[in-house]
Amino acid sequence: MRLLIVEDEKRLALSLARGLRAEGFAVDVVHDGNEGLRLASEGVHDLVVLDIMLPGLNGYRVCAALRAAGNEVPILMLTAKDGEYDEAEGLDTGADDYLTKPFSYVVLVARVKALLRRRGSAGASPVWRVGGLVVDTATRRVCRGESEVTLTAKEFAVLEQLVTRAGQVVGKPEILEHVWDFAYDGDPNIVEVYVSTLRRKLGTDTIQTVRGAGYRMVTA
């Protein structure tokens, strides 16, 4: 899952990004409303954490502009204010949830995961059965047969990109885009390293390489 944080308090934004990356998310960070709207409008993020008090466009206007354009990405609004009026206005512009500063990081992560689960429940089940694997994207557990397989956060994120589109070819750039953030400028072959590790842990027959195109999760 790829998240976007739009927050002008740089220390807070970077702290949140660091924690969410440790949870296995790819995280992009911007510090003003105009840039936040531009990135959120690209449609590559699974959730936006959006501060209300921002330079340029404030969070209300960013949220309203996204909804007016038909963008249904889940939005968790943050604000230093506290009052029913602020919450009502935020939700009225189309935000999905609301968190008042100061907040517990644990609570923020719980809200983020709840919004992502809610979005997933509107479509596919969070439990995927592919070949001999059972992958629960809500609890991040993977079982092969009767045995649970331990994966790192990044390994699971790569697997999630493949298993939710099992049988389809998923390109390396697409995996990079959703598992690593837009600031990543390392070797794109990092994807091959993670796929190799997944094959070792899950079985060499689980992921096929489609030369020149990407990878396919084997369904049988």
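Structure shown above.
Throughout what follows, the structure given in this document is the object of discussion. In this text, all values refer to a predicted model and were calculated from it rather than measured experimentally.

Calculation criteria
Residues numbered from 1 in each chain as written. Predicted model: local features only at pLDDT ≥ 70, side-chain atom pairs only at ≥ 80, totals over all residues. Heavy atoms only, no water. Helix = DSSP H or I, 4+ residues; strand = E, 2+ residues; numbered from the N terminus. Buried < 20%, exposed > 50% of the residue type's maximum accessible area, 1.4 Å probe, protein only. Contact = heavy atoms within 4.5 Å. Areas by Shrake-Rupley, 256 points an atom, 1.4 Å probe, with all protein chains shown as cover. Pairing = 2+ DSSP bridges. Axes fitted to C-alpha atoms, helices over the stretch in contact; angles between N-to-C directions. Salt bridge = Lys/Arg side-chain N within 4 Å of Asp/Glu carboxyl O. Core = buried A, V, L, I, M, F, W, Y, C linked by side-chain atoms within 4.5 Å. Parallel < 35°, antiparallel > 145°, perpendicular 65-115°, else oblique. Left-handed = near helix turned anticlockwise from the far one by under 90°. Nonpolar A, V, L, I, M, F, W, Y, C, P; charged D, E, K, R; others polar.

Some points on the overall build of the protein
- A count of helical and extended segments in the protein gives 8 helices and 12 strands.
- Counting across all 220 residues of the protein, residues that qualify as buried make up 46%.
- A fraction of 57% describes how many contacts in the protein between residues 6 or more apart in sequence connect residues 24 or more apart.
- Of the roughly 10,800 Å² that the protein leaves accessible, carbon and sulfur atoms contribute 50%.

A look at the sheet that holds strand E11 (residues 207-210)
- Read across the sheet, 3 strands follow the order E10-E12-E11 without closing on themselves; strand pairing throughout is antiparallel. On the outer flanks of this sheet lie strand E10 (169-170) and E11, each paired with one strand and no other.
- Bridge count between E11 and strand E12 (residues 214-217): 4 bridges; the pairing is antiparallel. Across the sheet, residue Ile-207 finds its bridge partner in E12, namely Met-217.
- Against the sheet, helix H6 (residues 153-163) touches E10, E11 and E12, its axis set at about 75 degrees to E12.

Here we look at the pairing of strand E6 (residues 127-130)
- Pairing between E6 and strand E7 (residues 133-136): 4 bridges, direction antiparallel. Looking across to E7, one finds that Val-127 is bridged to Asp-136.
- Following E6, the chain reverses through 2 residues before pairing antiparallel with E7; Gly-131 in that reversal takes a positive phi of roughly 60 degrees.

Description of the sheet that holds strand E5 (residues 97-100)
- If you walk across this open sheet you meet the 5 strands as E2-E1-E3-E4-E5, and the pairing is parallel. Edge positions in the sheet fall to strand E2 (26-30) and E5, since each has one partner strand and no second. Averaged over all pairs of adjacent strands, the angle between their axes in this sheet comes to 20 degrees, without regard to strand direction.
- Two strands pair when backbone bridges link them, and strand E4 (residues 75-79) and E5 are joined in this way by 4 bridges, in the parallel orientation. Directly across from Leu-76, in E5, lies its bridge partner Asp-97.
- On top of the sheet, helix H3 (residues 59-68) reaches strand E3 (47-51) and E4; it is set at about 165 degrees to E4, its chief contact.

So, the pattern of salt bridges
- Summed over all chains, the structure comprises 14 salt bridges.
- Between Asp-28 and Arg-2 there is a salt bridge, and its shortest N-O distance comes to 2.7 Å. One end of the pair, Asp-28, is in strand E2; the other, Arg-2, is in strand E1 (residues 2-6), and 26 residues separate them in sequence. The burial state of Asp-28 is the same as that of Arg-2; both residues are buried.
- A salt bridge links Glu-155 to Lys-201; its shortest N-O distance comes to 2.8 Å. With Glu-155 in helix H6 and Lys-201 in helix H8 (residues 190-202), the pair connects residues that are 46 residues apart, well separated along the chain.

A few points about the nonpolar core
- In this structure, Val-142, Val-158, Leu-159, Leu-162, Ile-175 and Trp-180 are the most contacted members of the largest nonpolar core, which totals 25 residues.
- Take this core: its biggest share by element is 6 residues, from H6.
- In this structure Trp-180 touches Ala-26, Lys-154, Val-158, Ile-175, Ile-190, Val-191 and Tyr-194, once residues within four positions along its chain are discounted.

Some remarks on the packing of helix H2 (residues 33-40) against H3
- Interaxial distance between H2 and H3 falls to 10 Å at its minimum, and their mutual angle equals 25 degrees. The angle between H2 and H3 falls in the class roughly parallel. Remark: the crossing between H2 and H3 carries right-handed chirality. Note on element contacts: H3 touches H2 through Val-62, Ala-65 and Leu-66, opposite Gly-33, Leu-37 and Ala-40.
- The residue inventory of the contact of H2 with H3, partitioned by class, reads 5 nonpolar, 1 polar and no charged.

Some thoughts on unusual backbone geometry
- With an omega of -5 degrees, the peptide bond between Lys-101 and Pro-102 qualifies as cis.
- One can find Pro-102 in the loop between E5 and helix H5 (105-121).

All we've got here are geometric facts, nothing functional implied.
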